[in-house]
Amino acid sequence: MSYLSRRNFMLAGAAVASLGLCLRTAAAQSAGSAFNIASSAMPGTDEGPKTPGIQGITAICEVTGGGEKVYGIAVEYDTAIDPESLSPDSFATGVVPAAEGYFPGMPTGPDKDATTAPAVPRAVAAIYTNAAAALRPDQKSVAGRYVIAEFAHAEDLSLPTTDSDMVSLTQLRDVKTSDGVVYAAAAKSWSNVGARGNSVVIRGVDAWEQNHWWWDDSRSAWLEYSIYLPKSFLEPGGEEKSYPLLLAITHSGTSYDGTCAQTLTETCIASIWGMPEEQARHECVVITPRYERTTMNDYWEHTPDVENTYRLVQSLMRNTWNFGNPNLADRRDKVLKIDPSRVYCTGWSMGAMTTLWLMAKHPETFAAGLVIAGQQRPQDVETLASQNLLIITGSEDQKATPWEEECVPVWREAGGTVTRPDALLDPALIFPVDDQHALTAQVDGYLGEGGNITFLTFDGVDHMGSARKFFYIKAARDWLFSQTKKV
């Protein structure tokens, strides 16, 4: 996936000094609307003879609840490297901090790369070789020309990022090739900033197709969106299989001057569903719209984009979608099939409000909804009483929690069975994500009480914190995909 973001507001021109790196940014030469990984510097390209040694570096990133973070640097050499010649102090590495005032998901803040701050040294926690510019979960070397300098990363994935996606690296010690040739240490400092954008890979996100358009000429209406196509769909015969569909709607912070990339990188609301480990458990098609404005405000008013979002879902459910990248043979002209019994909706804040609205107005469509910190007027969502909902809020959320409380008696009066425990859940049980046994037992216990609507609240979490934390609740994601609808 070519990576588009506000990051190309800043295009650096000058070479950079070592860890005292000060990126001298040039005037923005291509702000806004072009794909921005520097193709000439992209890992794995082969444009003729290579000078022996380092070819370039790439920031290896991952989107978390707290935004996009730099998890390591991939150093590309011209030939395979001997991992025995590497040590954690083989390189000096640094990450340029995000621009002052940047906060992930805020539409009015600066571009995170709009800074001339120097890189801050970051220690290498693991070093190994790889055949691609990517981290390895086992941190063990395999044959390849990439050296991966991996950083430590916090277990609490909700911590807001402080990273730009600009990195620096200097080779401090000799490195040997697999053939025994020594590449001597050198004073040259390398940067991933290039004339056509920063060289960055983002695990999971790069598999998405961005900048698709749904349109309706009869209504002069259109909607921009990104789509994740399951790995098995891209294999031979994948078009014969029917897939679950998840509509993941982000928040107003990814509207305004945002981009498709921002809906995938500012928070994990959409991108978490396309991560390889999540797809291995719940393979599905994921779509996320990119709105040009706030589509639903706190006065319960909404724009035509809300209904256009539903039209986008309808278009996919007709099993006629064949707009995969025409330049890639694994998806060119394939027609995507959707399982109508397994269509889901999720979102946070404005996205959660839109989820509630769409499910209330189109009760025949969705098998279930996962609603994170969103609210609606009770009289507008009475039809949700017969649908499957898991609502999660924080006790310090002064909008979503009290308004959802107002909906509970309306749903019960309309025949819904609502599980609403008095006890508050502990957010400390969410992280680390691979140790949620206690939390899973609690959530599964409430879900097992038989309610078609379950409403849970976590102690001490405010509105912003809910986006960063609650999508990581494995039991909630599992519940969503366990629901089916009679068709």
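See the structure printed just above.
Everything quoted here is computed from the prediction, not taken from an experiment.

### What about the sheet that holds strand β8 (residues 146-150)?
And step 1. With mixed pairing, 5 strands are arranged side by side in an open sheet as β7-β8-β4-β3-β15. Of all the strands in the sheet, the pair left with one neighbour each is β7 (126-130) and β15 (200-202). Strand-to-strand, the axes of this sheet are offset by a mean angle of 30 degrees, without reference to chain direction.

### Observations concerning the pattern of salt bridges
And step 1. This structure, assessed with the given rule, holds 25 salt bridges.
And step 2. Notably, a salt bridge pairs D163 with R122, separated by 2.8 Å at the nearest N-O pair. Here D163, found in strand β9 (residues 163-171), pairs with R122, found in the loop between β6 (120-121) and β7; they are 41 residues apart in sequence, far enough to count as distant.
And step 3. We classify R122 as partly exposed; its relative accessible area is 26%.
And step 4. One network of salt bridges, in which partners are shared, links E278, R281, K474, R477 and D478.

### Quick word on a negative patch on the surface
And step 1. A grouping of E396, D426, D459 and D462 is seen on the molecular surface, where their side chains present a negatively charged patch.
And step 2. Note on placement: D462 falls in the loop between β24 (453-458) and α7 (463-469).
And step 3. Overall, D462 belongs to the partly exposed group, its relative accessible area being 40%.

### Digging into the sheet that holds strand β22 (residues 389-394)
And step 1. Taking strand neighbours across the sheet as the criterion, the 9 strands line up as β16-β17-β19-β18-β20-β21-β22-β24-β23 in an open arrangement whose pairing is mixed. One side of each edge strand has no neighbouring strand; the edge strands of this open sheet are β16 (209-216) and β23 (418-419).
And step 2. As defined by bridge partners, strand β21 (residues 368-372) adjoins β22 across 4 bridges and the pair is classed as parallel. In the sheet register, L370 faces β22, and the bridge partner there is L390.
And step 3. Against the sheet, helix α4 (residues 350-361) makes contact with β18 (242-249), β20 (337-348), β21 and β22, and its axis sits at roughly 135 degrees relative to β20, the strand it touches most.

### Things to note about helix α6 (residues 437-447)
And step 1. Where α6 is concerned, the buried positions are L439, V443, Y446 and L447. One face of α6 carries all of its buried residues, which in axial projection span an arc of 105 degrees. Set apart from the buried face of α6 by more than 90 degrees, the exposed residues are H437 and A441.
And step 2. Along its buried surface, α6 packs onto β22, β23, β24 and α8 (474-482).

Procedures and definitions
- Residues numbered from 1 in each chain as written.
- Predicted model: local features only at pLDDT ≥ 70, side-chain atom pairs only at ≥ 80, totals over all residues.
- Heavy atoms only, no water.
- Pairing = 2+ DSSP bridges.
- Helix = DSSP H or I, 4+ residues; strand = E, 2+ residues; numbered from the N terminus.
- Axes fitted to C-alpha atoms, helices over the stretch in contact; angles between N-to-C directions.
- Salt bridge = Lys/Arg side-chain N within 4 Å of Asp/Glu carboxyl O.
- Buried < 20%, exposed > 50% of the residue type's maximum accessible area, 1.4 Å probe, protein only.
- Patch = residues over 30% accessible without salt bridge, like charges linked within 9 Å, V, L, I, M, F, W, Y side chains within 5 Å.
- Areas by Shrake-Rupley, 256 points an atom, 1.4 Å probe, with all protein chains shown as cover.
- Lys, Arg positive; Asp, Glu negative; His and termini not counted.
- Charge placed at Lys NZ, Arg CZ, Asp CG, Glu CD.
- Contact = heavy atoms within 4.5 Å.
- Arc of directions from axis to C-beta.

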